[in-house]
Amino acid sequence: MTQVAWQGTDRVPAGQRGGQPEWSGMARTDASGAIPGGGAIAPSGPMAPGAPLADMGLQTGAQQSQQTHEQARTGGEVILDLQHISLSFGGVKALTDISFDVCEHEIRAIIGPNGAGKSSMLNVINGVYHPQQGRIVFRGEERRQMHPTAAARQGIARTFQNIALFKGMTVLDNIMTGRNTQFRTGFLAHALWWGPARNEEMRHRQKVEEVIDFLEIQSIRKTPVGRLPYGLQKRVELARALAAEPSMLLLDEPMAGMNVEEKQDMCRFILDVNRQFGTTIVLIEHDMGVVMDISDRVVVLDYGKKIGDGTPDEVKGNPDVIKAYLGTSH
Ligand SMILES: Nc1ncnc2c1ncn2[C@@H]1O[C@H](COP(=O)(O)OP(=O)(O)OP(=O)(O)O)[C@@H](O)[C@H]1O
């Protein structure tokens with residue numbers, strides 16, 4: 001049987017179609033570390049070949065955040081409800097009639113081949129794009145024409161596919177910019193370093209230091225971001241998002257371009273953020289091994305339409321999803 005790895009996001013060339021996709025990398029395991037159903041772990045993931053998270057000294061998603069995730073699945077309220085979202089750019093239909101929800105504390109992945117509409121959906125969620133049709137209900141309130149800064153004030157933070165940091169500024173200063181939406185005192189008070197402003201800035205500095213400790217980047221706090229390797233820059237971007245103390249974190253390809261070790265670290269931090277802070281996470285990721293291992297639920301887009309939605313196991317067995325990635329029906 002032809003094996004097709006799920007690492008790439010490109011649609012599989014016609015000549016290579018057929019067979020079953022490999023949900024490679026880190027298979028989702030049960031609490032004992034065993035693979036449900038006893039299936040083989042495909043060995044082609046960019047993370048250690050054939051090695052589940054547990055073998056890398058990490059707990060798997062199922063193990064590490066099992067309690068939190070079970071609560072999310074069973075008791076977590078829907079905090080974001082996207083109903084019949086359609087978005088076009090001129091004649092290009094980026095999203096067509098898409099509905100799905102996100103529950104409090106869960107890790108929700110959005111996957112799909114290139115151009116499926118994943119980034120557009122993330123941009124709809126944080127108010128960068130305004131869909132022509134559909135409703136967005138966040139924490140029980142319908143949102144209309146929301147601006148990204150308003151989304152940030154509501155507790156939604158995000159990272160970007162292409163790192164969006166100030167390369168000439170230090171790690172510390174970049175992370176400090178994540179506190180911008182939290183500032184209460186005015187510009188003049190800050191310029192004069194006046195009482196309330198000074199107290200406020202001390203509080204922000206303290207929060208930033210906590211994030212630096214959490215993400216283990218103390219040693220690079222004074223380093224200009226542009227001098228850091230790519231994987232560390234991604235971590236700094238996560239730090240900046242966390243500095244805003246979000247209740248919902250949107251991650252656009254957090255592992256893109258990372259080596260094995262960097263991916264292991266990022267996986268661990270995402271799971272830690274979710275478990276320790278209860279942060280709801282919506283992520284786009286092309287590494288299917290990672291997606292299937294750390295996500296509670298996965299929504300699958302293709303050509304701007306939703307073709308699958310469910311637990312990793314449900315999505316893996318969905319014929320439409322397999323067809324979208326392999327170009328063949330089963
Ligand atoms: N600002 C824009 N202007 C015009 N077309 C756009 C814009 N943003 C996205 N599109 C189009 O919408 C469709 C979906 O793009 P989107 O970037 O959301 O897909 P994606 O699934 O994130 O792809 P990738 O995995 O390659 O990042 C594509 O056809 C894309 O060209």
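Residues numbered from 1 in each chain as written. Predicted model: local features only at pLDDT ≥ 70, side-chain atom pairs only at ≥ 80, totals over all residues. Heavy atoms only, no water.

### A look at the sheet that holds strand β8 (residues 156-159)
Spatial ordering of the open sheet is given by β8-β9-β10-β5-β11-β12, a layout of six strands whose pairing is mixed. Where the open sheet ends on each side, the last strands, each with one partner, are β8 and β12 (305-310). Strand-to-strand twist in this sheet, taken as the mean axis angle between neighbours without regard to direction, amounts to 15°. Relative to strand β9 (residues 248-252), helix α3 (residues 118-125) is tilted by about 155°, and along the sheet it contacts β5 (107-111), β8, β9, β10 (280-284) and β11 (297-302). Along the sheet face, helix α12 (residues 319-326) touches β5, β11 and β12 and points at about 125° away from the line of β12. (Pairing = 2+ DSSP bridges. Helix = DSSP H or I, 4+ residues; strand = E, 2+ residues; numbered from the N terminus. Axes fitted to C-alpha atoms, helices over the stretch in contact; angles between N-to-C directions. Contact = heavy atoms within 4.5 Å.)

### Observations regarding α12
V321, I322, A324, Y325 and L326 are the residues of α12 that are buried. Where α12 starts, the residue carrying a side-chain oxygen 2.7 Å from the main-chain nitrogen of D320 turns out to be N318. (Buried < 20%, exposed > 50% of the residue type's maximum accessible area, 1.4 Å probe, protein only. Polar contact = N/O pair within 3.5 Å; in protein donor to acceptor, adjacent residues only side chain to side chain.)

### Observations concerning the site of the ligand
Around the ligand, the structure places 14 residues, and the nearest of them are G115, G117, K118, S119 and S120. Between an oxygen atom of the ligand and a main-chain N or O atom of A116, the distance comes to 3.0 Å. One of the side-chain N or O atoms of Y129 is found 3.2 Å from a nitrogen atom in the ligand. Taking 630 Å² as the accessible area of the ligand by itself, protein coverage stands at 64%. For the shell around the ligand, the elements supplying multiple residues, two or more each, are β4 (92-103) and α3. (Near = heavy atom within 4 Å. Areas by Shrake-Rupley, 256 points an atom, 1.4 Å probe, with all protein chains shown as cover.)

### Some details on the environment of G231
Tracing the sequence through the fold places G231 in helix α8 (residues 230-243). Ignoring any residue separated from it by four or fewer positions in sequence, one finds G231 in contact with M258 and E262.

### A closer look at the environment of I212
You can see I212 is positioned in helix α7 (residues 195-214). Once residues lying within four places of it in the same chain are set aside, the contact partners of I212 are L172, I175, I217, Q218 and R221.

### Quick notes on the sheet that holds strand β3 (residues 78-89)
As a general point, the strands of a sheet are linked pairwise by backbone hydrogen bonds and lie either parallel or antiparallel. Reading across from one edge, β4-β3-β6-β7 is the order of the four strands in this open sheet, with antiparallel pairing throughout. Strand pairing shows two members of the sheet lacking a second neighbour, β4 and β7 (141-143), which therefore form its edges. Taken over all neighbouring pairs, the strand axes of this sheet differ in orientation by 25° on average, direction set aside. Direction of pairing for β3 relative to strand β6 (residues 133-138): antiparallel, over a ladder of five bridges. Note that in β6 the partner of L80 across the bridge is F138. Taken strand by strand, α3 contacts β3, β4, β6 and β7, and its axis lies near 120° from that of β3.

### Some words on the pairing of β9
Of all five residues in β9, five are buried, a share of seventy percent or more. Alternating positions in β9 separate into two faces, M248, L250 and D252 on one and L249 and L251 on the other, with burial throughout. Where β8 and β9 come together, four bridges link them in parallel fashion. What sits directly across from A157, in β9, is L249. Tracing the backbone out of β9, into helix α9 (residues 260-277) and back to the parallel element β10 gives a crossover that is right-handed. (Right-handed = clockwise from strand over helix to strand, strands pointing away.)

### Points about the pattern of salt bridges
Inspection of every chain in the model, using the stated rule, returns 17 salt bridges. A salt bridge links R139 to E104; its shortest N-O distance comes to 3.3 Å. Here E104 lies in the loop between β4 and β5 and R139 lies in the loop between β6 and β7, a separation of 35 residues in the sequence. Residue class for R139 comes out partly exposed when judged on its relative accessible area of 38%. A salt bridge links E216 to R268, with the nearest nitrogen and oxygen atoms 3.4 Å apart. Taken together, the positions of E216 in the loop between α7 and α8 and R268 in helix α9 put the pair 52 residues apart, joining distant regions of the chain. (Salt bridge = Lys/Arg side-chain N within 4 Å of Asp/Glu carboxyl O.)

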